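Tertiary structure, described
Residue strings, one per chain:
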Amino acid sequence: MKLSFFLVMIASPMWHLGQAFAEEVAPDFSKDILPLLAENCFACHGFDAEAREAGLRLDTREGAVGGGRTGVIVAGDAKASELVQRLHSDDPDLVMPPPETGKSLTAEQKQLISAWIDAGASYDAHWAFIAPKQPAVPDASNEASHPIDLFIEEQLGQAGLHSAPMANPATLIRRVSLDLIGLPPSPKEVQDFVNAWGEDSETAWTDLVDRLLESEHYGERWGRWWLDQARYADSNGYSIDAPRSIWKYRDWVVDAFNRDLPFDQFTIEQLAGDLLPEASLEQKIATGFHRNTQINQEGGIDKEQIRIDSVFVRVGTTGTGWLGLTVGCAQCHDHKFDPISQKEFYQIFAFFNNQDEPSIKVYPPGTDVDSINARRKELQEQIQEQIDANAEKLDVWEEALGEKAKNALSSSIKKVLGKQPGKRSFDDQVLLLSEVEELLGEEDRKAFKSLRDERSVLGKRLNDVPTTMVLSERGTPRKTNVFVKGDFTRPAEEVTPGTLSILHPFEQTETTVDRLDLARWIVDSANPLTSRVIVNRIWQQYFGAGIVATENDFGLVGARPTHPDLLDWMAVEWVKNGWSFKFLHRLIVTSNTYRQTSRLLPSMDRAMEMDADNRLLWKQNRLRLDAELVRDVALKASGLLSSKQGGPPVYPPIPDGVMGQGQVRRSWSVSQGEDRYRRGLYTFVYRGTPPPSLKVFDAPEGFSSCTRRTRSNTPLQSLNLMNDAAFFEFSQSLAKVIEEDGVSEAFLRCTSRQPNKTELELLKGLDELTVARALLNLDETITRE
């Protein structure tokens, strides 16, 4: 019986960068051996049943050094180890990695593995599975005192590099405004800041940061970041892709950021807000996080299969969103790389298998539903008395109706008359009595009309309100089984709720556990992943890449952190400061590392040669704006932006024919008034046919959790900025600004700087509309410098 290994190469070129410029260190498992095994040898496909049953795997010592069929490593004897024999084999059926992968290990890498085995094949825990401890901040230098800068400069110094000079104040105010609130500063704000900077730069900067963090637009900017991970959209998906009502969840997220809801509570309310003691309406709305799954409304579907598929997505999204692990890969089998068993996948599945999926009405604050219902009941009783008192008149009127008279009645009245009197509802009877009001006495008519109208108004208060999709725990739990190969029609071992054994213990204090217990486990301070994962993703937003480049995979094949001490320091510091997002943002943007210029200067040639991707952060990075912000910047520059917040999604102009691209042609009634000029966050998004201006700039469509947006650069983007109906309208408005205030004012609105002489001469040779279209199409306009 033959054991074969299949290579799965995960691009992870930066795993070693944090050590690349450091002093020589002795090879160890987690830093030197683990990446080689993970990238080349972990996926063991095609081995015989005996080995599979024995649990062969290379990510644990028990799975690799064990006896029998799992003994591919003989600790202390590399030559006797099947792993090493395969690395050196010339047999294409035995060699690892297999020839068809086109991959191979160098002689040095093979020797490194052999040396490790000869030394005893010691297995250390993967760095991300060890709870972070806050390292000491490097000693302050003459150039830096901010903790972030000290960590960054320490590694720059080891590499013989240094940080870039600080960007100019006009660039800085535009940068931090776009990063914190998603809107560019006005020309007056730029000038005021430049003046303040000249008097006291640090005070000017901290005051600016504090003002932006208190802006109501902060929640809009960072709420959109979280909605990417929540896979938010306004339709059900699949081929029918019907609209849904869940915008109240979107508004909850924006509000949570604005009031700086601590991230641990932010987590608990989204995963299990309905299970909190005396849960508020807002906490129930928060559970919409896991209602952002698609809903299949096609004919002939298996509803249970669709429900199971939604739970699969919830498990995977929770694993990716909070733990930074590809938990979903264990749906059909044990994870091929990380120590996550299929059983553990279904133990997490069990937490999400016991919910109903209702929609609830969201009443305005202060609405006393019980009092309204009680009053409606009183009114109904009084109206019923009126109906009973006039029953004889109604009977006479109905019997006297001729065929011609009946035909002249409204369809609703004819429908009621078509029913037997004993089967007519209360509303049917009210409708009939309203039809014959003239038969009543004046006092009775006034009393009936007053009672009827009051009841109608109260009914509208109860029913004409928005609804939102939430989770609600079932009274009777469902049974959860492991599904053979992920097939819900093949249930196997029954499981109960549980978590990943590789992480911190799951403390079960009650007989039964639920999502609330899971949420608390996720944000337990002992969890080695959650704080690191979220801090890393926030860092990614500011610098274009995380300290861990694979922001959605902190597992064994994920990239190693370029600045591990900095990541751990920030993760611990964030938790110590109450999981406050605003604290974390303030910490990052007040560093000199954040405020460096993004320009490539002649003095940076050596840095480019050593670290072309700027992973050591010897300068800031230029970042193309997110799709929604491209729209927002154009709205602000053109003077059209509506500051209205919250509420139902809006329908800005889109190209003709877009809504005919799906299976069902949907209407798109273009919003009028200020709704036409709302921020991109509020644009209605159909998953199947998203607005082209969002799609072309890489906005996610809500099919799965998005932890990092791609940034493409295509001609379609330029054509969209030039010719899209909405952007043409923005250009027309900006052209009026040029007519009234000149080219320089419009240029300043778009870029936060004055045009130079060459730029100004070129633009003045064009008509106002052409200048406006060109300015909104500038790379500088849609880029955060």
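Residues numbered from 1 in each chain as written. Predicted model: local features only at pLDDT ≥ 70, side-chain atom pairs only at ≥ 80, totals over all residues. Heavy atoms only, no water.

As a further point, take the overall build of the chain. Each helix and strand counted, the chain has 35 helices and eight strands in total. Oriented by its inertia axes, the alpha-carbon framework of the chain measures out at about 105 × 75 × 45 Å. Within the chain, buried positions represent 53% of all 785 residues. Long-range contacts, defined here as pairs at least 24 residues apart, represent 72% of the contacts in the chain between residues at least 6 apart. Total accessible area on the chain stands at roughly 34500 Å², and carbon and sulfur atoms take up 49% of it. One way to put it: in the chain the 88 positive side-chain charges average out to a point 5 Å from where the 116 negative ones average out. (Helix = DSSP H or I, 4+ residues; strand = E, 2+ residues; numbered from the N terminus. Buried < 20%, exposed > 50% of the residue type's maximum accessible area, 1.4 Å probe, protein only. Contact = heavy atoms within 4.5 Å. Areas by Shrake-Rupley, 256 points an atom, 1.4 Å probe, with all protein chains shown as cover. Lys, Arg positive; Asp, Glu negative; His and termini not counted. Charge placed at Lys NZ, Arg CZ, Asp CG, Glu CD.)

So, on to helix 24 (residues 530–543). The end-to-end C-alpha distance of helix 24, which contains 14 residues, comes to 20 Å, matching closely the 20 Å that a straight helix rising 1.5 Å per residue would cover. Along helix 24, 14 of the 14 residues are buried, which leaves the element largely enclosed by surrounding structure. Within two residues after helix 24, glycine 544 carries a phi angle of roughly 90°, on the positive side. (Expected span 1.5 Å × (residues − 1).)

Another aspect to go through is the domain arrangement of the chain. Domain boundaries in the chain define domain 1 (5–124), domain 2 (219–362 + 475–529), domain 3 (369–465) and domain 4 (627–696 + 713–784). Relative placement of domain 2 and domain 4: their C-alpha centres are 36 Å apart. Each side of the interface is counted separately: domain 2 has 23 residues, and domain 4 has 21 residues. Where domain 2 abuts domain 4, roughly 1900 Å² becomes buried across the two surfaces, and 51% of that area is made up of carbon and sulfur atoms. Interface area lost by domain 2 to domain 4 is led by Glu220, Asp234 and Arg250, which between them contribute 32%. For the interface between domain 2 and domain 4, the tally reads two salt bridges. With a shortest N-O distance of 3.9 Å, glutamate 628 and arginine 224 are connected by a salt bridge. (Domains from an automatic or database assignment. Buried area = accessible area lost by both parts, 1.4 Å probe. Salt bridge = Lys/Arg side-chain N within 4 Å of Asp/Glu carboxyl O.)

Within the element layout of this structure, glutamine 347 appears in helix 16 (residues 342–351). What makes glutamine 347 buried here is its relative accessible area of 16%. If near-sequence neighbours (up to four positions away) are discounted, glutamine 347 is found in contact with Val495, Thr496, Pro497, Gly498 and Thr499.

Its 13 residues give helix 9 (residues 187–199) an end-to-end C-alpha distance of 19 Å, which sits within 8% of 18 Å, the value for a rise of 1.5 Å per residue. Residues of helix 9 that are buried: Pro187, Val190, Phe193 and Trp197. Buried residues of helix 9, seen end-on, are gathered within an arc of 130° and therefore sit on one face of the element. In helix 9, those exposed residues whose orientation departs by more than 90 degrees from the buried face are Lys188 and Glu199. Elements that come into contact with the buried residues of helix 9 comprise helix 8 (169–180), helix 10 (201–213), helix 27 (592–595) and helix 33 (743–751). (Arc of directions from axis to C-beta.)

What the rule picks out here adds up to 45 salt bridges. Beyond isolated ion pairs, a larger network of salt bridges with shared partners links Arg224, Asp228, Glu628 and Arg709.

Another aspect to go through is a negative patch on the surface. A cluster of acidic residues, Glu739, Glu740, Asp741, Asp767 and Glu768, forms a negative patch at the surface. For the negative patch, the element with the most residues is helix 32 (residues 725–741), which contributes three residues. By the secondary structure assignment, aspartate 767 is in the loop between helix 34 (757–764) and helix 35 (768–776). (Patch = residues over 30% accessible without salt bridge, like charges linked within 9 Å, V, L, I, M, F, W, Y side chains within 5 Å.)

Once that is clear, we can look at the packing of helix 9 against helix 10. Between helix 9 and helix 10, the shortest axis-to-axis distance is 6 Å and the interhelical angle comes to 140°. Of the residues in helix 10, those touching helix 9 at Glu189, Phe193, Ala196, Trp197 and Glu199 are Ser201, Ala204, Trp205, Leu208 and Arg211. In terms of residue class, the contact of helix 9 with helix 10 is made up of six nonpolar, one polar and three charged. (Axes fitted to C-alpha atoms, helices over the stretch in contact; angles between N-to-C directions. Nonpolar A, V, L, I, M, F, W, Y, C, P; charged D, E, K, R; others polar.)

Below, the discussion takes up unusual backbone geometry. A cis amide bond, omega 0°, links methionine 96 with the succeeding residue proline 97. One non-glycine residue, aspartate 260, lies in positive phi territory at about 55°. Among the secondary structure elements, aspartate 260 is positioned in the loop between helix 12 (247–258) and helix 13 (263–272). Residues other than glycine seldom take positive phi values, yet lysine 485 does so here, at roughly 55°. Secondary-structure assignment places lysine 485 in the loop between strand 5 (480–483) and strand 6 (491–495).

On to the packing of aromatic side chains. By the definition in use, this model includes 45 aromatic pairs. Ring centres of phenylalanine 193 and tryptophan 197 lie 5.7 Å apart, and the angle between their planes is 55°; on these two criteria the pair is classed as tilted. Taken together, the positions of phenylalanine 193 and tryptophan 197, both in helix 9 and four residues apart, correspond to about one turn of that helix. Between tyrosine 651 and tryptophan 668, the aromatic rings sit 4.9 Å apart at their centres with planes inclined by 85°, giving edge-to-face as the arrangement. Within this pair, whereas tyrosine 651 is found in the loop between helix 29 (627–638) and helix 30 (692–695), its partner tryptophan 668 is found in the loop between helix 29 and helix 30, the two being separated by 17 residues in sequence. On the basis of relative accessibility, which here comes to 22%, the residue tyrosine 651 falls in the partly exposed class. Over the face of the ring belonging to phenylalanine 289 we find arginine 231, whose NZ or CZ atom lies 5.3 Å from the ring centre. Stacked on the ring of tyrosine 682, the Lys or Arg arginine 678 has its end atom at 4.2 Å from the ring centre. (Phe/Tyr/Trp six-rings, centres within 6.5 Å; stacked < 30°, edge-to-face > 60°. Lys NZ or Arg CZ within 6 Å of the ring centre and 35° of its normal.)

Bringing the nonpolar core into the picture now. Judged by nonpolar contacts, the single largest core of 136 residues is most densely connected at Trp116, Trp226, Tyr249, Trp539, Met570 and Phe581. What tyrosine 249 contacts, discounting residues up to four positions off in sequence, is Trp226, Leu227, Ala230, Tyr232, Gln270, Ile285, Ala286, Gly288, Phe289, Asn292 and Thr468. (Core = buried A, V, L, I, M, F, W, Y, C linked by side-chain atoms within 4.5 Å.)

Take the confidence of the model for the chain next. When pLDDT is averaged along the chain, the result is 91, and 93% of the positions lie at 70 or above. Note that pLDDT drops below 50 for residues 1–26; the model gives that stretch 71 contacts with residues more than four away or on any other chain. Contacts from residues 43–49, a stretch scored under 50 in pLDDT, to residues over four places away or in other chains number 21 contacts. (pLDDT = per-residue confidence, 0-100.)

Time to look at the environment of tryptophan 569. With respect to the helices, strands and loops of the structure, tryptophan 569 is situated in helix 25 (residues 564–576). Residues within four places of tryptophan 569 in sequence aside, it is in contact with Gln134, Pro135, Val137, Pro147, Phe151 and Leu587.

With that settled, consider the packing of helix 8 against helix 11 (residues 216–229). Viewed as axis vectors pointing N to C, helix 8 and helix 11 meet at an angle of 70°, and their least axial separation amounts to 7 Å. Considering their axes alone, helix 8 and helix 11 lie roughly perpendicular with respect to each other. Here Leu178, Asp179 and Leu180 of helix 8 lie close against helix 11, whose contacting residues are Tyr218, Arg221 and Trp222. Looking at side-chain class alone, the contact of helix 8 with helix 11 contains four nonpolar, no polar and two charged residues. (Parallel < 35°, antiparallel > 145°, perpendicular 65-115°, else oblique.)

Among the secondary structure elements, aspartate 632 is positioned in helix 29. A polar atom in the side chain of aspartate 632 sits 3.0 Å from the side chain of arginine 679. Separated by 2.8 Å, the side chain of aspartate 632 and the backbone nitrogen of glycine 680 make a polar contact. Contacts of aspartate 632, omitting those with residues within four sequence positions, involve Gly182, Leu183, Arg679 and Gly680. (Polar contact = N/O pair within 3.5 Å; in protein donor to acceptor, adjacent residues only side chain to side chain.)

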